[in-house]
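For reference, the chains in residue letters:
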Amino acid sequence: MRIPSFSITRPVRFARALMVCSVLAPLPAWADEDPESLDIMERQMEQLQQQQMALQKSLQAMRQQIIQHRAQMGGTATHGGHPLAVTGSGGHVHGGWTPVEGHTPASSQMAEGEHMARPRIGGHSDPVSELGDQPTYESVVAHREEDLISHMANNNVGPHNRETVGAQSAGALGSKVFHLGPVSIILGGFFDAAALVENRQVSSGIFNYWNAIPFRNSSNFHTTNFNGDARYSRFSLMARGQLNPHLTVAGFVETDFGASAETTNPYESNSYVPRLRQAYLTLDDSRADMHFLIGQAWTMLTPDRVGIVPRQESLPETIESSILAGQTWSRQWQLRVVKDFMHHRVWTGFSIENPATIYDTTGFSTAGDNGEYALPGNGSNYAKVGSNGVGLSSNTTNYSNEIAPDIIGKVAWDPTWGHYEIEGLLHFPHDRSVINGVGENHTAIAWGAGGSMILPIIPHRLEVRLAGLAGRGIGRYGSVLLPDATLRANGAPALLSSAQTTAGVIAHPNKVIDVYGYFGMQRSGRSYFDSNGQTYGYGNPMANNTGCETETSDAVSATLNNCTANIRSVEEFTIGAWYRFIHGQYGTVQAGTQLAYSRVHTWGGMGGAPTTSLSEIFFDFRYLPFQ
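Every chain is numbered on its own, with residues counted from 1 as its sequence reads. Restriction of local features to residues with pLDDT of at least 70 applies here, the model being predicted, together with a cutoff of 80 or more for giving and counting side-chain atom pairs; totals for whole chains, interfaces and linings are based on all residues. Here the side-chain values reflect all heavy atoms present in the structure, with hydrogen atoms and water set aside.

The chain carries the name Porin in an unreviewed UniProt entry, which gives Komagataeibacter oboediens as its organism.

**Brief notes about the overall build of the chain**
Heads up, the rule is: To qualify as a helix, a DSSP run of H or I must reach at least 4 residues; to qualify as a strand, a run of E must reach at least 2; elements of each kind are numbered from the N terminus. Three labels apply to residues, based on accessible area from a 1.4 Å probe with only protein chains included: buried if under 20% of the type maximum, exposed if over 50%, partly exposed otherwise in between. The contact criterion used is simple: two residues touch if any of their non-hydrogen atoms lie within 4.5 Å. Method for areas: the Shrake-Rupley scheme with a 1.4 Å probe, in which residue coverage is limited to the protein chains shown.
When its secondary structure is counted, the chain shows seven helices and 29 strands. Of all 627 residues assigned to the chain, the portion counted as buried reaches 49%. Across the chain, the fraction of contacts at a sequence separation of at least 24, relative to all contacts at a separation of at least 6, is 67%. Accessible surface, the chain as shown: approximately 27,800 Å² in total, 60% of it carbon and sulfur.

**As for the sheet that holds strand 11 (residues 372-374)**
What counts, and what does not: A strand pair is defined by DSSP finding two or more bridges across the two strands. A fitted line through C-alpha atoms represents every axis, and for helices the fit uses only the stretch in contact; the resulting angles, taken between N-to-C directions, go from 0 to 180 degrees.
Overall, antiparallel pairing links the four strands, which are arranged 11-12-17-18 in an open sheet. If you trace the sheet from one side to the other, it starts and ends with strand 11 and strand 18 (438-443), each paired once. Geometrically, the sheet is characterised by an average inter-axis angle of 25° between neighbouring strands, direction not taken into account. Here strand 12 (residues 382-384) runs beside strand 17 (residues 430-435); their pairing, made up of three bridges, is antiparallel. Across the sheet, the residue bridging to Tyr 382 is Val 434, located in strand 17.

**Focus on the side chain of Arg 234**
Quick reminder of the rule: Residues scored as positive are Lys and Arg, those scored as negative are Asp and Glu, and His as well as the terminal groups of each chain are ignored. Any carboxyl oxygen of Asp or Glu that lies within 4 Å of a side-chain nitrogen of Lys or Arg is treated as forming a salt bridge with it. Polar contact is the term for a pair of N or O atoms within 3.5 Å; when the atoms are in protein, one must be able to donate a hydrogen and the other to accept it, and sequence-neighboring residues count only if both atoms are side-chain atoms.
Positionally, Arg 234 belongs in strand 5 (residues 234-244). Look at Arg 234: it is buried, it has no salt bridge, and the nearest opposite charge is Glu 254 at 4.1 Å. Of the polar contacts made by the side chain of Arg 234, one reaches the backbone oxygen of Gln 168; its length is 3.3 Å. Discounting chain neighbours no more than four positions away, the residues touching Arg 234 are Gln 168, Ser 169, Gly 188, Gly 189, Phe 190, Glu 254, Thr 255, Asp 256 and Arg 277.

**Focus on unusual backbone geometry**
One non-glycine residue, Asp 289, lies in the positive phi region at around 55°. One can find Asp 289 in the loop between strand 7 (273-285) and strand 8 (290-298). Positive phi is not limited to glycine here, since His 343 has a value of about 55°. Topologically, His 343 is positioned in the loop between strand 9 (331-341) and strand 10 (346-353). The exposed category is assigned to His 343, whose relative accessible area is 68%.

**Side note on the packing of aromatic side chains**
Condition: Two rings belonging to Phe, Tyr or Trp (six-membered ring only in the last case) form a pair when the distance between their centres is within 6.5 Å. Interplanar angles under 30 degrees mark stacking, angles over 60 mark edge-to-face geometry, and anything in between is tilted. Two limits define a charge over a ring: the Lys NZ or Arg CZ must be within 6 Å of the ring centre, and within 35 degrees of the ring normal.
A complete count under the given rule lists 10 aromatic pairs for this structure. Between Tyr 516 and Tyr 518, the aromatic rings sit 5.9 Å apart at their centres with planes inclined by 50°, giving tilted as the arrangement. A relative accessible area of 7% places Tyr 518 in the buried class. Taken together, the ring pairs in this structure connect Phe 364, Phe 529 and Tyr 536 into an aromatic cluster. Lying across the ring of Tyr 272, Arg 231 places its NZ or CZ 3.9 Å from the centre.

**What about the nonpolar core?**
Here is the rule: Nonpolar cores were defined as sets of buried Ala, Val, Leu, Ile, Met, Phe, Trp, Tyr and Cys residues, with membership established by side-chain atoms within 4.5 Å.
Core analysis: the biggest nonpolar cluster contains 18 residues, and Ile 206, Ile 323 and Phe 618 have the highest contact counts within it. Those elements that provide at least two residues to this core are helix 6 (165-170), strand 3 (183-198) and strand 24 (513-524).

**Concerning the pairing of strand 17**
Sheet topology places strand 17 next to strand 18; six bridges connect them, and they run antiparallel. Bridge pairing in strand 18 links Ile 435 to Val 438. Counted along the chain from strand 17 to the antiparallel partner strand 18, the turn is two residues long, and its residue Asn 436 has a positive phi close to 55°.

**A closer look at the state of the cysteines**
We count it as follows: Cysteine sulfur atoms that come within 2.5 Å of each other are treated as a disulfide pair.
Within this structure, the stated rule accounts for one disulfide. Through a disulfide, Cys 548 is tied to Cys 563; the S-S separation comes to 2.0 Å. Since a negative S-S torsion denotes a left-handed disulfide, the Cys 548-Cys 563 link at about 110° is right-handed. On the criterion of sequence distance, the pair formed by Cys 548 in the loop between strand 26 (534-538) and helix 7 (554-560) and Cys 563 in the loop between helix 7 and strand 27 (567-584) is long-range, its members being 15 residues apart.

**Remarks on a nonpolar patch on the surface**
Using the following cut-off: A patch consists of residues whose relative accessible area exceeds 30% and which take part in no salt bridge; residues with like charges are grouped when within 9 Å of each other, and nonpolar side chains (Val, Leu, Ile, Met, Phe, Trp, Tyr) when within 5 Å.
There is a patch of nonpolar side chains on the surface, built from Val 197, Phe 226, Ile 575, Leu 595, Ile 617 and Phe 619 and spanning about 560 Å² of accessible area. Relative to the assigned elements, Ile 575 resides in strand 27. Of the residues examined, Ile 575 reaches a relative accessible area of 51% and is grouped as exposed.

**Re the side chain of Ser 524**
Tracing the backbone shows Ser 524 in strand 24. Accessibility expressed as a relative area gives 3% for Ser 524, which makes it buried.

If you want it as structure tokens, here you go:
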């Protein structure tokens, strides 16, 4: 029989090289035991991946030669495999992804074309691909773009993005990938058991609602409170597909149990209901360096830790689910377009996002129960700022009138040291008034500008985070949810100035401990007028604050209306730590504690400018089965 003309020495040499690569590929997993060597291991893995891709191309050419010779000899080539496989590398670019996950190597004892029939969990797959696979740089890294961008930017910010609570809040996924045909499925989330002790009765659980911190006139000011629940346990899923070597499509959904139904009660079942946190799809073109997102996600105003990339938002490591006073954030529908330059060093983003306006109507009595408020003058004058939900929307929530989406722009820069960004937005509050039987629409132009930075004082060990946003009519973009606007005498929106800022120091002394300290502040301006002896607006110096220091029932206080206390600013100081005391192939278990002190300042009125405060201690345990 005639021997084929290709050389036997060459494939043997390549096979030996691949064997070395397959042995070295799991090294980054071992590097978890030595955090000092992580960077070195990552660089080694990059070199190995490049070698694997070069070898893969040569093996592909050899496979085609084999197919041709077999065709001449009348033979066939078959391929099999189980449709579902799980790989421990998670497609992580630092973790040694091999071009074909889910295909097992053919043993010398197995018949030609036969493959193992059971899914694999953990380890690495056979680097030999199916016929027709063309591994490229994009196809190797596209499975976990957020990890790729973190590595490519190399801005020395923080530890691995999945290992901090801030990253978990942003929606970090786990490290294992399930394969369903050409689609990769990545799971994330955690089981959460949190509790707090606070020196005021606020009844909001671990979600700080600063607007409801009681003053001395309320009995809640004088009572302590304990609360524990598991409602912020979370589940997330991403489905990702490679349309071609340069184009990747993905869908992401995240949910928890933070919502309350009408039947929810804390007395017996504690049956909190699921709510939607995030749900969006992305399209990434690595050739054009373009990134598209549509759906509900963190607003693009939220500070990032690298680039402008989903699930890479820079969020505090706090336990409180309201994050931190002064934190800029929202989760809402948006259509986002991002372009990166200079090998992922410079990013520009443009987003149109779902609008909403928080109105303060102090002094304006309700003219109905559907977002209508009486204006000065005859009894028929009123302003309509929104409507109660109907259909599938909550009929107890008033949805503000909006004429256009919010418009947001951002520029981010990732040099070799730190992350820096500037941003701006436009918002268009809109309402309608009827005065003396004549109706008129009103539209205001709200705006804001800000930025953030992360300074890696000691790269991957100690960092400083600074962020801020200021403008008019943008209070809802801060955690405190201060109002965006009040009303003028003619019913038009009167925008309130707003400013918010956060500053934090985060330390990672070793791979299992994170320690942090933060300060946050949000401040609101005021707008008011008087008419016929009646005070209207936010922060009116003639507002009645005479009853804020005398304890009485809430019903009597509401009847007397003697504690207006419009909030001027809220400040929060907090420190805390997390300890990951179990970490292995079955996931991570971590425990954390946080101490927080908040102080509320009000605009002065008749009776002075009352203040109040809240002290809290949080405890939390989390099990992350996918990380």
